[in-house]
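Examining the three-dimensional arrangement
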Amino acid sequence: MTSRAALLAAAIDTEAAIIATLIERRIVPAGARRMPHPHELRAGTRFAELDRIVVDAAALVSRRVDPVREFILDALADVLAASLNAPDPWQAVEALADWTDPTNAATIPGLTDLLDSTRAQVTTDLVNAARAAYDEAATEPVRQGVPGPPVNGFNAAAVRPAAEAHARQAARAPVDRLLDVAAQAGTNAATLPGATGASVVEAALDAAEQASRAGAEDLARQAANVAHGLGRTQALAATPDPVAVYASELLDGNTCGPCAEIDGRTYVDLDAALADYPGGGGYVACSGGSRCRGTLVLVHGAEAPPTHDDPRQGPAAPRGPLDTPP
């Protein structure tokens, strides 16, 4: 008699093999946390492509923002050079504090122009990501046998305000981060025995140079998520009425409790689903805010049995596109 443990092991091996095939066929991305549900396969949703759009857009935004970081590092070195030989370490601290004050930092020659150009570039990148998400979502009904793409086409103006807001935040992030890190490191260095202007300058510059890019990269990923969500939702709303709508958190690799609970839920119609997934970054109740990778899956033909039987009628607590978890 085959043991239950052996059957379970065989089932796990089979599932792993299926996931590997789906990854190879670019239906799910590498590292997918679970098998697609039958309705997700029936919908023709290419999760690997959804993932690629977000990953590529986030990487591009990060590259656009990097020159802002380099600009601030160079400006910081120039400002602190005058304090290098100061015998009193607090003279360097005061110079640093004065320069890193947000009001004074805004007057750094060339910074405003750089931030404006970076914001414009990132806005364009995010609108393009939304367009790519729209185009990909528009192919899903076609893969199910519904003829033709949505007739209205992508509306860039509808996503531009959110794209501009996220672009502004992403462009400014290295400025705030580096100034804060440098000021704190300089102040700490001044309290050490034998501190001098040189030791304060060195500590401030070293800390700024070593400051993590994680915060800026996180904002870039959130911006890409929102842009993708807005483009995808726009396309889904333009398709013929589906016969079923499902929540999907397949792409959410670090799934929070609320998202795990809603994964696979069925909705009575698209309007009910959009109350929970308004298109600006996933599920409205996600603990990760705009980091959420959740989306909606629409089936236009015969579908698999629903994963959940209690269709959602209304939204959870509302969340704006720039919200982040506490």
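Residues numbered from 1 in each chain as written. Predicted model: local features only at pLDDT ≥ 70, side-chain atom pairs only at ≥ 80, totals over all residues. Heavy atoms only, no water.

**Observations regarding the overall build of the chain**
- Along the chain, the regular secondary structure elements total 11 helices and 3 strands.
- Written out in order from the N terminus, the α and β elements of the chain read α-α-α-α-α-α-α-α-α-β-α-β-α-β.
- Counting across all 326 residues of the chain, residues that qualify as buried make up 46%.
- Within the chain, residue pairs in contact and separated by at least 24 positions form 79% of the contacts whose partners lie at least 6 positions apart.
- For the chain, the accessible area works out to roughly 15400 Å², and carbon and sulfur atoms hold 55% of it. (Helix = DSSP H or I, 4+ residues; strand = E, 2+ residues; numbered from the N terminus. Buried < 20%, exposed > 50% of the residue type's maximum accessible area, 1.4 Å probe, protein only. Contact = heavy atoms within 4.5 Å. Areas by Shrake-Rupley, 256 points an atom, 1.4 Å probe, with all protein chains shown as cover.)

**Notes on the pattern of salt bridges**
- Tallied over the entire structure, the rule returns 12 salt bridges.
- Where E136 meets R46, a salt bridge forms, and the shortest distance between an N and an O atom there is 2.7 Å. Separated by 90 residues along the polypeptide, E136 in helix α6 (residues 111-143) and R46 in the loop between α2 (38-42) and α3 (47-80) bring together distant segments of the chain.
- Judged by its relative accessible area of 35%, R46 is partly exposed.
- Residue R213 pairs with D66 through a salt bridge whose shortest N-O separation is 3.1 Å. Taken together, the residues span a long stretch of sequence, with R213 in the loop between α8 (197-210) and α9 (214-238) and D66 in helix α3 at a distance of 147 residues. (Salt bridge = Lys/Arg side-chain N within 4 Å of Asp/Glu carboxyl O.)

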